[in-house]
Amino acid sequence: MATPCTLFKRPFTVCLEGNIGSGKTTFLSHFKKFKNVTVLQEPVELWRNKAGTNLLELMYTDPTRYAFLFQSYVQLTMLKLHTHETSFPYKIMERSVYSARCFIESMKRSKTLKDIETVILEDWYDWCITNCHIETDLIVYLRTSPEIVYQRMKERARMEENSVSLEYLKQIHDIHEEWLYHQTLFTVPAPVLVLDGNKSLKEMLTEFEHCKNQIFKKLK
Ligand code: DCP
């Protein structure tokens, strides 16, 4: 676990986690308005257009062929967020190499990834968390029910996610639960603040305010 960062040598770093459609983007938009925070969104647009190739689409269209390629690129882009420097005292990032591991775990369980592909991705993961300066001070977990995120995902209708089933969202949910709620799966790198992501947008704003106080009091 990271040491407290009281001298602004590095930012107090928050990783925002939760299922697909759990409200991470809304949370980040809320925090963008504070001047002392660097907000780093997950580079979904890069995944949709890497040198003209839509890796997200390939991964969903032909998972057994492209999941490894997609997840290796996700790992790289997440590392770039982890190592992104800022002079601001707070950094909030969407997801992390840790939750990328949740997707790898899901694809391992469903045998979407071949055993050797999982071994390579896990090797990368282990090497990165041991050797790269990935410092995390707080995890905010937007805890949601799979049924609600399924509904939200259908409403936002991201073209690549047409084939995502409720079953898949349940599996991703279960893995997040094992990781962050029950803490029985793999590394939990920082204390976890659990927010109820099932609430309406209006109710969520109150949750975000509560969260804001929790985050900002850490440096006082
Ligand atoms: N994804 C994946 N593997 C990862 C990370 C993401 O397959 N390691 C996929 C799942 C989604 C898309 O990428 O189809 C984006 O997922 P996120 O949950 O990261 O982002 P959302 O935009 O769904 O977040 P929210 O709706 O909470 O704002």
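Procedures and definitions
- Residues numbered from 1 in each chain as written.
- Predicted model: local features only at pLDDT ≥ 70, side-chain atom pairs only at ≥ 80, totals over all residues.
- Heavy atoms only, no water.
- Buried < 20%, exposed > 50% of the residue type's maximum accessible area, 1.4 Å probe, protein only.
- Helix = DSSP H or I, 4+ residues; strand = E, 2+ residues; numbered from the N terminus.
- Pairing = 2+ DSSP bridges.
- Axes fitted to C-alpha atoms, helices over the stretch in contact; angles between N-to-C directions.
- Parallel < 35°, antiparallel > 145°, perpendicular 65-115°, else oblique.
- Left-handed = near helix turned anticlockwise from the far one by under 90°.
- Contact = heavy atoms within 4.5 Å.
- Nonpolar A, V, L, I, M, F, W, Y, C, P; charged D, E, K, R; others polar.
- Near = heavy atom within 4 Å.
- Polar contact = N/O pair within 3.5 Å; in protein donor to acceptor, adjacent residues only side chain to side chain.
- Areas by Shrake-Rupley, 256 points an atom, 1.4 Å probe, with all protein chains shown as cover.

Caption draft 1: Local environment of the pairing of strand S5 (residues 192-196). Only one face of S5 is covered, namely the one carrying Leu193 and Leu195; the face carrying Val192, Val194 and Asp196 has none of its residues buried. Relative to S5, strand S4 (residues 138-143) runs parallel, the two sharing five bridges. Residue pairing in the sheet places Leu142 in a bridge with Leu195 of S5.

Caption draft 2: Structural view of the packing of helix H5 (residues 97-109) against helix H8 (residues 166-181). The contact between H5 and H8 brings their axes to 10 Å, and the two run at 125 degrees. Put simply, H5 runs oblique to H8. Viewed along their axes, H5 and H8 form a crossing whose handedness is right-handed. Residues Tyr98, Ser99, Cys102, Phe103, Glu105, Ser106, Met107 and Arg109 of H5 form the contact with H8, whose own contacting residues are Tyr168, Gln171, Ile172, Ile175, His176, Glu178 and Trp179. Classifying every residue of the contact of H5 with H8 gives eight nonpolar, four polar and three charged.

Caption draft 3: Region of the structure containing unusual backbone geometry. The backbone of Lys111 sits at a positive phi, close to 65 degrees, despite the residue not being glycine. Overall, the relative accessible area of 62% leaves Lys111 in the exposed class.

Caption draft 4: View of the site of the ligand. Among the 22 residues in the neighbourhood of the ligand, the closest are listed as Thr25, Glu42, Arg95, Arg156 and Glu161. The backbone of Ser22 places a nitrogen or oxygen atom 3.1 Å from an oxygen atom of the ligand. Between an oxygen atom of the ligand and a side-chain N or O atom of Glu42, the distance comes to 2.6 Å. Its free accessible area being 590 Å², the ligand has 98% of it covered by the protein chains. At the level of elements, helix H1 (24-32), helix H3 (55-61), helix H4 (63-82) and H5 are the ones that each hand at least two residues to the shell around the ligand.

These figures come from the coordinates and say nothing about function on their own.
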